[in-house]
Structures are given as C-alpha cells and as structure tokens.
Amino acid sequence: MTIQTVGIIGAGQMGGGIAHVCALAGYQVLLYDLSEEKVENGIATINGHMARQVSSGKFDDKERAAALARIAGASKLEDLAGADLVIEAATEDETIKRKIFAQLCPLLNPEALLATNTSSISITRLAAQTDRPERFIGIHFMNPVPLMKLVELVRGIATEDTTFETAKAFVSSLDKTITVAEDFPAFIVNRILLPMINEAIYTLYEGVGSVEAIDTAMKLGANHPMGPLQLADFIGLDTCLSIMQVLYDGLADSKYRPCPLLVKYVEAGWLGRKAGRGFYDYRGEHPVPTR
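Criteria and thresholds
Residues numbered from 1 in each chain as written. Predicted model: local features only at pLDDT ≥ 70, side-chain atom pairs only at ≥ 80, totals over all residues. Heavy atoms only, no water. UniProt positions renumbered as here; feature names shortened; annotations may be inferred. Domains from an automatic or database assignment. Buried area = accessible area lost by both parts, 1.4 Å probe. Salt bridge = Lys/Arg side-chain N within 4 Å of Asp/Glu carboxyl O. Polar contact = N/O pair within 3.5 Å; in protein donor to acceptor, adjacent residues only side chain to side chain. Nonpolar A, V, L, I, M, F, W, Y, C, P; charged D, E, K, R; others polar. Buried < 20%, exposed > 50% of the residue type's maximum accessible area, 1.4 Å probe, protein only. Helix = DSSP H or I, 4+ residues; strand = E, 2+ residues; numbered from the N terminus.

The name an unreviewed UniProt entry assigns to the chain is 3-hydroxybutyryl-CoA dehydrogenase, from the organism Nitratireductor arenosus. Quoted verbatim from the Sequence similarities (unreviewed entry) field of the UniProt record, the comment on the chain reads "Belongs to the 3-hydroxyacyl-CoA dehydrogenase family."

Below is the structure:
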C-alpha cells in the first residue's frame, strides 16, 4: 500500500512532532485536535522548530516553506477521511484512545491503516476496539520527535504482515531507526526508562538526596544527558504516572508501584514543564527545584 496522506490526531508535543517529520519527508499531513486554536498553536510550534533547524543548517528556508505548505489543519475528524494512514497521538489514556477510534473508524477508507503512538498501552487491546485490527499497529515515536532517531514498531496479535511492512517502509522514509518490540506493557524503552525515573522519585521521597543532588549524580555519575527528575518533568508527570500504572497493572509486580510522591505531584497539577511546575519550578528565569 502507498502512503501519501497522513492524518495525525493530537496537535500537542508528540502529534506536532510527528506532523513535522512527516511533512519534511514529503507527505501530505492532516493535523487534527479538539479546537482550531490547538491546531493553529501546533502548526505555529512546528514553524518555530523548523525555523531553528534552518538556522542550524539542517535544511534551507525553501524546504521549510514547502514542508509547512504540506500541513493542513483539520477541525473535524471527518477531515481525516481521505488519509491513507492515521496516527493517534492523544493523551496516554486508554478510555480517550478507544473513544477516538470508535468515532474515527466509520469515517475512514476501509483500506486505510491505523496506528497509535501510545508509549505503554496494549496494541492488541486497542486494535480490538476498531473495525480493522489486522490494519492496526503501534508506531511509538520518541520525544522530541524531530531530534530522536528511534521509533518502536509494535504489532498486535492481529496485525497483518502487509501492515507491518508498510509501517516499516513509512518509518524508514522519515529517516528514523526502527526497533521492533513485542506487545508487552510499555514495550522496550519505557519498560526500562520509567522504572528508573520512578526509582529516582523514590530516592527523593525517602530523603536520600535532593532534586538537584539526584539529577547531578545521574548526569555526572552515569553520564546521562539529563537528570531523571528533569527528564520526568520534560515527559510530563501525568504521562510518567500513566505508564507506571500500566506496568504495575499489566505485570502485577510490586517493583512497578508508582511512587506516592509522583501521585501527589500529579494530584497537585504539578505535571512538569507544560504546567510550569513539577520537580522544578519553571515560572522564573531559571528552573528551581521544588524540593
């Protein structure tokens, strides 16, 4: 199957990043969100990121303008009807994702492929909620999408070979490196990464070290480019909690129990960078640890 038009559901950090790389690779992109304002903000963010790439010499301004011209805003799900592939990049909440697929499937061409950018939820279970489980696959991009080379491809139990091969060719065309993960909770990257972040939060919760001490220790002691608490803020603490909950529920092992301090921060609405506060307070000129 040839993919020419890609529909993307969600114009936030992940959806916008996916739209960015798809448009640069020559695909027509339909970017949908719940309001026109969110779509417009998403496209403005893409424009800003592309402008920075032009400044750093990644490509020229003519290529940026051509890529932006390939992105069209979609204010209704019906606008995605002509897409050859639709990638769902909504909130990491299974109920929300199921609702989206229930509304979307009747609108699509029967031949269209469906993908989810979920970072942890069962592909088989999501696929079973659609009218085309054999044409459904997990395409998990890393954040920030334009900079990160890796994409996890995850087959559900019903995913056909042709769907897998088409998805593989599509991801390769974006100049990304593919790793194939089995359909287990959180796949490969987050199965390893999120328990580390959760353990860093336990280390803070138990008073072993401060926010600054923990992040400095891992940056200089383990050569990590970003401390685990800084990374948690970047990912979003609500997303971190969702993934840990999927791991805890799906694998029934107490080592995946979300740290109570993570739960408390999410309850407070301190979700990280996007909320202005998380393990760091971002409202001033420089981030300041909140503990």
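(A) View of the domain arrangement of the chain. Split into domains, the chain comes out as domain 1 (5-182) and domain 2 (189-289). The C-alpha centroid of domain 2 is placed 26 Å from the C-alpha centroid of domain 1. Note on domain 1 versus domain 2: buried area summed over both sides is about 690 Å², and carbon and sulfur give 58% of it. Contact with domain 2 buries surface across domain 1, with Glu92, Ser119 and Ser120 losing the most and accounting together for 46% of the total. At the surface where domain 1 touches domain 2, the tally comes to zero salt bridges. On the surface where domain 1 and domain 2 come into contact, there are three residue pairs in polar contact (both at pLDDT 80 or more). Class assignment of the residues belonging to the side of domain 1 that touches domain 2 gives a composition of four nonpolar, five polar and two charged.

(B) Examining the pattern of salt bridges more closely. Throughout the structure, instances matching the rule amount to twelve salt bridges. Measuring nitrogen to oxygen at the nearest pair gives 3.5 Å for the salt bridge that ties Lys76 to Asp79. Judged by relative accessible area, which is 44%, Lys76 ranks as partly exposed. Judged by its relative accessible area of 29%, Asp79 falls in the partly exposed class. Between Asp131 and Arg132 there is a salt bridge, with its nearest N and O atoms 2.8 Å apart.

(C) Quick peek at the UniProt feature "domain: 3-hydroxyacyl-CoA dehydrogenase NAD binding" (unreviewed entry) in the chain. As annotated by UniProt and renumbered to match this structure, "domain: 3-hydroxyacyl-CoA dehydrogenase NAD binding" (unreviewed entry) occupies residues 5-183. Taken end to end, residues 5-183 comprises 39% helix and 22% strand; its first and last C-alpha atoms sit 27 Å apart.

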